[in-house]
Amino acid sequence: GDAATISLLASYLSTHERTADARKWIESLPDETRANESVQLSYSATLLTLGDYAALDAFLRPIKWSENNEYARQAYLAYAARKRGNERAFNEFWRLAVIEVGSDPRRLQSLLSRAGAWGWPEQRMELVWKKFSLDPSDKTSRQQIYSWERARQNTEGLNRLFGRINENEPGD
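Before going into details, it helps to say that this report is about the structure given with it. Computed from a prediction, not measured in an experiment: that's the story for all the values here.

**Focus: the overall build of the protein chain**
Counting secondary structure elements, the protein chain contains eleven helices and zero strands. For the protein chain, the α and β elements follow one another from N to C terminus as α-α-α-α-α-α-α-α-α-α-α. Counting only C-alpha atoms and orienting by the principal axes, one finds that the protein chain spans roughly 60 × 30 × 30 Å. Out of the 172 residues belonging to the protein chain, those deemed buried represent 41%. Looking at the protein chain alone, contacts between residues at least 24 apart form 48% of all its contacts between residues at least 6 apart. Averaging the coordinates of the 24 positive side-chain charges in the protein chain and doing the same for the 24 negative ones gives two points 3 Å apart.

**Describing the packing of helix 9 (residues 121-134) against helix 10 (residues 139-151)**
Axis separation between helix 9 and helix 10 bottoms out at 9 Å; the angle between their running directions is 135 degrees. Looking at the two axes, helix 9 sits oblique to helix 10. Helix 10 is crossed by helix 9, and the crossing has left-handed handedness. Across from P121, E122, R124, M125, V128, W129, K131 and F132 in helix 9, the residues of helix 10 making contact are S141, R142, Q144, I145, W148 and E149. Its residues assigned to classes, the contact of helix 9 with helix 10 shows seven nonpolar, two polar and five charged.

**Looking at the nonpolar core**
The biggest cluster of nonpolar side chains holds 45 residues, and the ones touching the most others in it are W94, L111 and L127. Residue contributions to this core peak at nine residues, all from helix 6 (residues 70-83).

**Looking at the side chain of D138**
For D138, the position within the fold is in the loop between helix 9 and helix 10. Engagement of the side chain of D138 in a polar contact is seen with the backbone nitrogen of T140, the distance being 3.3 Å. There is a polar contact of 2.5 Å between the side chain of D138 and the side chain of S141.

**Re the pattern of salt bridges**
Counting across every chain of the model gives 14 salt bridges. Close ionic contact of R152 with E149 constitutes a salt bridge, the shortest N to O distance being 3.2 Å. Ionic pairing is found between E167 and R164, a salt bridge with its closest N-O pair at 3.8 Å. Here R164 and E167 lie together in helix 11 (residues 155-168), a separation of three residues that amounts to about one turn. The exposure class of E167 is exposed, given its relative accessible area of 60%. Accessibility expressed as a relative area gives 27% for R164, which makes it partly exposed. The network of salt bridges with shared partners includes R23, E27 and D52.

How each quantity is defined
Residues numbered from 1 in each chain as written. Predicted model: local features only at pLDDT ≥ 70, side-chain atom pairs only at ≥ 80, totals over all residues. Heavy atoms only, no water. Helix = DSSP H or I, 4+ residues; strand = E, 2+ residues; numbered from the N terminus. Buried < 20%, exposed > 50% of the residue type's maximum accessible area, 1.4 Å probe, protein only. Contact = heavy atoms within 4.5 Å. Lys, Arg positive; Asp, Glu negative; His and termini not counted. Charge placed at Lys NZ, Arg CZ, Asp CG, Glu CD. Axes fitted to C-alpha atoms, helices over the stretch in contact; angles between N-to-C directions. Parallel < 35°, antiparallel > 145°, perpendicular 65-115°, else oblique. Left-handed = near helix turned anticlockwise from the far one by under 90°. Nonpolar A, V, L, I, M, F, W, Y, C, P; charged D, E, K, R; others polar. Core = buried A, V, L, I, M, F, W, Y, C linked by side-chain atoms within 4.5 Å. Polar contact = N/O pair within 3.5 Å; in protein donor to acceptor, adjacent residues only side chain to side chain. Salt bridge = Lys/Arg side-chain N within 4 Å of Asp/Glu carboxyl O.

Shown next as structure tokens:
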């Protein structure tokens with residue numbers, strides 16, 4: 001079958017409490033099918049859902065994905081490292097995920113959503129700051145940063161925010 005159909009079926013199985021079946025099925029596919037990046041993305045999501053972080057790490061480390069998805073591979077590796085209690089590896093993989101996002105809005109939004117869903121407020125705010133630095137006129141980012149820095153009583157962060165707004169909109 002083609003990669004899109006495989007991804008769709010794997011997703012369907014996972015959303016219907018049949019993630020273990022999705023894993024077995026993907027593992028039974030021919031090597032050339034499993035080499036497809038979409039199939040690898042589905043397989044990674046399956047391993048993450050099952051909580052098999054050792055298998056996720058072992059699967060993802062030796063491969064590399066295209067520019068569009070490499071950030072997701074690094075994020076999955078960061079997730080696996082954190083779940084396994086390896087903060088050093090977590091920090092390294094997270095740093096690489098943020099680098100791989102680059103200035104692409106779709107990838108940035110996707111990683112921001114993952115950080116939120118995974119309950120990582122510091123990493124999420126790091127990405128909101130990145131989003132704001134790419135588009136200082138973005139009112140949502142401004143508000144999120146303001147609320148975050150104010151709640152933390154971080155004067156330096158607030159000064160950085162207002163300084164950047166002032167640079168972007170002198171005279172406002």
